[in-house]
Amino acid sequence: MGSKRQRRSMRPSRRDMLKSVTMAGAGLAVARPVGVTAQANGGPAALQEAPARQAGQTSMIGVPFERRSTVRLGLIGLGARGGGMLDNWLALDGVAITAICDVVPEKAQKASGRIEKKGFTAPALYTNGERDFERMCTRDDLDAVYIATPWDWHVPMAVAAMKNGIHAASEVPAAETLEECWTLVDASEQSRRHCIMLENCCYGRSELLVLNMVKAGLFGDLLHGGAGYVHDLRALLFRDESEGLWRRAEHIGRNGNLYPTHGLGPVANYMDINRGDRFETLVSMSSPSLGLQAYREAHVPRGNAKWQEQYACGDRNISLLKTAKGRLVRLEHDVSSPHPYDRINLIAGTKGIFTDYPPRFYFDGQEPEEFKPIEEYAQYEHDLWKRVGGARAQAGWARRHGFHHVLPPDRVYTAGTGAGHGRL
């Protein structure tokens, strides 16, 4: 897959991660095997084990957030995603943005102006280089930090927040390696602060409705699921701004599923992953890497620096996962090929099946033997969608593939996926 050092060499220097950031609890004896077998592209399988907790360290599952009349929020990253989310944060009652951080001063200043224009107090700005987020996280007027930066910054930023007593909420993916995942889990459990990966796709209308039906037993005993992120991002990856400045580099030093959680999050919810079941086995393989090269041939002039890049990531990655209860999940990733947007979103059991794009159901004994549309099961609409999702969809807050759901201030982020949920 390539080392992080190799991948970073292809990025602008300001994207380099702090080399001194290490996994919390490193050097501890390995214990408590979780039985994960990893095999990529035909390579040797290896047993992965959970590192031991430090003395007194316990799970964050079920730990409530402290109630506050106003949640004081800090923002890190005001680019396409972070800047786009700003209006959402400003529309929430009981949220005060007290500080914002970006390596481009103009972006932070523009965001501050938008905040003031809405009638709020101007936030403190942190724009003094790529590590100024550390200084921001020492403030005593932050309850939570929202992170919308290039992927390899998510872990050090979340850790900096939690170590300073601040809850951390990160865009996906929250981490890029297994070791980084344990870094987040340990930082969360040791600081007693929540670490949230904001997987918005868990809160789409179809996903919530199907979750209700799963819990009602309509699918019987669950057997298998399908998940994916199939989204033609070639034009975005080759842009000379925004995500094009860094996201294409992920395809240079890595080969695998670079973006698994949009599809896998909802299916993991259906299967009660880490709340009764868990993933145990993973086999993963990739197709040849041809799509980005073909797009470059067609759209990038010869002599451009992009022609020096060598893309390692196969266009289509397919992974097969097996849970402790024997359930199977087929997980796919492809952002380099022409294909309509698709997250697959399939769940099947002994009594029936749901599959998305378009959303449709089939249950045992159903006549005629064909899928029925989701509209025939509207009685299972999730209360969360009825209370929040529908209104926000009408206001343009929700997209077809889900939306960022934030609960009222006294329950902020409780709908997310906490890092402490990683252990059983």
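Residues numbered from 1 in each chain as written. Predicted model: local features only at pLDDT ≥ 70, side-chain atom pairs only at ≥ 80, totals over all residues. Heavy atoms only, no water.

Comments concerning the overall build of the chain
Part 1 of the argument: Per the secondary structure count, the chain includes 12 helices and 17 strands.
Part 2 of the argument: With 424 residues in all, the chain has 52% of them scored as buried.
Part 3 of the argument: The contacts in the chain between residues at least 6 apart in sequence include a share of 72% that link residues at least 24 apart.
Part 4 of the argument: Accessible surface, the chain as shown: approximately 19,000 Å² in total, 52% of it carbon and sulfur. (Helix = DSSP H or I, 4+ residues; strand = E, 2+ residues; numbered from the N terminus. Buried < 20%, exposed > 50% of the residue type's maximum accessible area, 1.4 Å probe, protein only. Contact = heavy atoms within 4.5 Å. Areas by Shrake-Rupley, 256 points an atom, 1.4 Å probe, with all protein chains shown as cover.)

Section: the state of the cysteines
Part 1 of the argument: For the structure shown, the criterion picks out zero disulfides.
Part 2 of the argument: The closest cysteine sulfur to the non-disulfide-bonded Cys201 is located on Cys202, 7.4 Å from its own sulfur.
Part 3 of the argument: Judged by relative accessible area, Cys201 falls into the buried class, the value being 0%. (Disulfide = S-S within 2.5 Å.)

Digging into helix α11 (residues 291-299)
Part 1 of the argument: Of the positions making up α11, those classed as buried are Gly291, Leu292, Tyr295 and Arg296. Seen from one end, α11 has its buried residues packed into an arc of 135 degrees, which puts them on one side.
Part 2 of the argument: In the core, the buried residues of α11 are packed alongside α8 (234-237) and α9 (250-253). (Arc of directions from axis to C-beta.)

Quick notes on the packing of aromatic side chains
Part 1 of the argument: Following the criterion strictly, the structure yields 15 aromatic pairs and no others.
Part 2 of the argument: Here Phe238 and Tyr311 contribute two aromatic rings whose centre-to-centre distance is 6.2 Å and whose plane-to-plane angle is 85 degrees, an arrangement assigned as edge-to-face. Remark: Tyr311 occurs in the loop between α11 and β11 (317-323) and Phe238 occurs in the loop between α8 and α9; sequence separation between them is 73 residues.
Part 3 of the argument: Here Phe238 falls in the buried class, since its relative accessible area comes to 8%.
Part 4 of the argument: In this structure Tyr311 comes out as buried when scored by relative accessible area, which is 7%.
Part 5 of the argument: Grouping aromatic residues by their ring pairs yields a cluster made of Trp151, Tyr229, Trp246, Tyr259, Tyr341 and Tyr357.
Part 6 of the argument: Over the face of the ring belonging to Trp307 we find Arg296, whose NZ or CZ atom lies 4.7 Å from the ring centre. (Phe/Tyr/Trp six-rings, centres within 6.5 Å; stacked < 30°, edge-to-face > 60°. Lys NZ or Arg CZ within 6 Å of the ring centre and 35° of its normal.)

Overview of the pattern of salt bridges
Part 1 of the argument: Tallied over the entire structure, the rule returns 27 salt bridges.
Part 2 of the argument: Asp141 serves as the salt-bridge partner of Arg139, at 2.8 Å between the closest nitrogen and oxygen.
Part 3 of the argument: Judged by relative accessible area, which is 24%, Arg139 ranks as partly exposed.
Part 4 of the argument: The partner of Arg239 in a salt bridge is Glu241, and the shortest N-O contact between them spans 2.6 Å.
Part 5 of the argument: The class of Glu241 is partly exposed, set by a relative accessible area of 46%. (Salt bridge = Lys/Arg side-chain N within 4 Å of Asp/Glu carboxyl O.)

A few points about the nonpolar core
Part 1 of the argument: The biggest cluster of nonpolar side chains holds 44 residues, and the ones touching the most others in it are Ile76, Met136, Val145 and Leu184.
Part 2 of the argument: Elements represented by at least two residues in this core include exactly β4 (95-101), α4 (132-136), β6 (144-147), α5 (154-163), α6 (178-191), β8 (195-197) and α11.
Part 3 of the argument: The greatest single-element share of this core, amounting to seven residues, is contributed by α5.
Part 4 of the argument: Not counting residues within four places of it along the chain, the set of residues in contact with Val145 comprises Leu73, Gly74, Ile76, Met136, Ala161, Ile166, His167, Ala168 and Ala169. (Core = buried A, V, L, I, M, F, W, Y, C linked by side-chain atoms within 4.5 Å.)

Some words on the environment of Met157
Part 1 of the argument: Examined against the element boundaries, Met157 turns out to sit in helix α5.
Part 2 of the argument: Setting aside residues no more than four positions away along its own chain, Met157 makes contact with Ile76, Phe133, Ile147 and Thr149.

Comments concerning the environment of Ala122
Part 1 of the argument: Looking at the secondary structure, you find Ala122 in the loop between α3 (105-117) and β5 (124-126).
Part 2 of the argument: You can call Ala122 partly exposed: its relative accessible area is 38%.
Part 3 of the argument: Separated by 13 residues in the primary sequence, Ala122 and Gln109 place their C-alpha atoms 9.7 Å from one another.

What about the side chain of Ser112?
Part 1 of the argument: Secondary-structure assignment places Ser112 in helix α3.
Part 2 of the argument: Using a relative accessible area of 7% as the deciding quantity, one classes Ser112 as buried.

Describing unusual backbone geometry
Part 1 of the argument: In this structure, the amide linkage connecting Tyr357 to the following residue, Pro358, adopts the cis form with an omega of 0 degrees.
Part 2 of the argument: Position of Pro358 among the secondary structure elements: in the loop between β14 (352-355) and β15 (360-363).
Part 3 of the argument: In the segment running from Glu367 into Pro368, the intervening peptide bond is cis, with an omega of -5 degrees.
Part 4 of the argument: Here Pro368 is to be found in the loop between β15 and β16 (372-373).
Part 5 of the argument: The backbone phi angle of Asn345 is positive, close to 50 degrees, even though this residue is not glycine.

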